[in-house]
Amino acid sequence: MTGSADTDEVSTEHSSVSTWMQALGTATGNPGGGAASGLMLAIAAGLTAMVAGYTRATHATEDASGRDAAEAEAAIAALRARAEARSELALRLADEDAHASRAFGSAFRLPAGVERDEAIRAASIEAAAASARLGEHAVDAIDDLAWLTEHGNPALIADVAVAIGALRAAITGARTNVSFDLGSVRSAHGSLQEVRADEPRLWELVAVFDRALERIDRLAASIDSEAAPTDAAS
């Protein structure tokens, strides 16, 4: 989450793509990197739902008969439902992130003094918490994409690769914004050691996101030969 100015609100959930992209490209910070991370999570979830919609039990089992096929169809349907819900949630989280970002920017514009320090500290922690919520939902999405790499419709493996890339961007944004926002407490005359002691869960999430990125990279590498077969001919 980077700074924001007081501007007319542009909603990630309700704006058109063209309106949102125009706002993203203006020097207002609304939307900014945090909202963009939410949009990337929504894209990853949308692609996950789409691939699940094209996946049948025959892709996930050796045959399409009996209990195994029924279980596979149920698993696919549940995965698709989770992805659809996650896509909608991600857009709301993007707007929550933008709201926290505006408070973050407002705190830094206050006159120097105790009130400003307290506002910066509170806004920094809330901004970090907003990005953390988004990041945790993004981490939860990894398992469903991992399942699709093994059991999804193989004709859509390139879409799975794009979803993995979008999810990586979402987690990268969350990880960086949480870390940056926690570090911003120093502007209120705090220290990183104090932040770590006061906000251990937010602090530890940075490492959780690092490990999630490592897992995503392994996942992307595991399907690269299928998603990009021309490399083998080079």
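To start, this report covers the structure provided alongside it. Because the structure is a prediction, the values reported are computed rather than measured.

1. A look at the packing of helix α2 (residues 33-54) against helix α7 (residues 157-183)
For the pair α2 and α7, the least separation of the axes is 8 Å and the interaxial angle reads 155 degrees. Considered as vectors, α2 and α7 are oriented roughly antiparallel to each other. Remark: the crossing between α2 and α7 carries left-handed chirality. Residues G33, G34, S37, M40, L41, I43, A44, L47, T48, M50 and V51 of α2 touch α7, and the partners they reach there are D159, V160, V162, A163, A166, L167, A169, A170, G173, A174 and N177.

2. Regarding the packing of α2 against helix α5 (residues 114-140)
Remark: α2 packs on α5, axes separated minimally by 10 Å, with the N-to-C direction vectors making an angle of 20 degrees. Regarding the angle of α2 to α5, the classification is roughly parallel. Relative to α5, the crossing made by α2 is left-handed. Facing G34, S37, G38 and L41 of α2, the residues of α5 in contact are L134, H137 and A138. Classifying every residue of the contact of α2 with α5 by side-chain character gives three nonpolar, four polar and no charged.

3. Thoughts on the side chain of D144
Looking at where D144 falls in the secondary structure, it is placed in helix α6 (residues 142-151). Judged by relative accessible area, D144 falls into the buried class, the value being 6%. With residues near it in sequence (within four places) discarded, D144 still touches T48, L79, R82 and R86.

4. Topic: the environment of A170
If you trace the backbone, A170 turns up in helix α7. On the basis of relative accessible area, A170 is assigned to the buried category, the value being 0%. Each C-alpha atom, one on A170 and one on G135, is 7.0 Å from the other, the two residues being 35 residues apart in sequence. In contact with A170, not counting residues within four places along its chain, are S37, M40, L41, L134 and A138.

5. Things to note about the nonpolar core
With 45 residues, the main nonpolar core has V160, L167, I171 and L202 as its most contacted residues. Top contributing element to this core by residue count: α7, with eleven residues. Residue contacts for I171: discarding those within four places in its chain leaves A138, V139, I142, F209, A212, L213 and I216.

Criteria and thresholds
Residues numbered from 1 in each chain as written. Predicted model: local features only at pLDDT ≥ 70, side-chain atom pairs only at ≥ 80, totals over all residues. Heavy atoms only, no water. Axes fitted to C-alpha atoms, helices over the stretch in contact; angles between N-to-C directions. Helix = DSSP H or I, 4+ residues; strand = E, 2+ residues; numbered from the N terminus. Parallel < 35°, antiparallel > 145°, perpendicular 65-115°, else oblique. Left-handed = near helix turned anticlockwise from the far one by under 90°. Contact = heavy atoms within 4.5 Å. Nonpolar A, V, L, I, M, F, W, Y, C, P; charged D, E, K, R; others polar. Buried < 20%, exposed > 50% of the residue type's maximum accessible area, 1.4 Å probe, protein only. Core = buried A, V, L, I, M, F, W, Y, C linked by side-chain atoms within 4.5 Å.

Keep in mind these numbers describe shape, not what the thing actually does.
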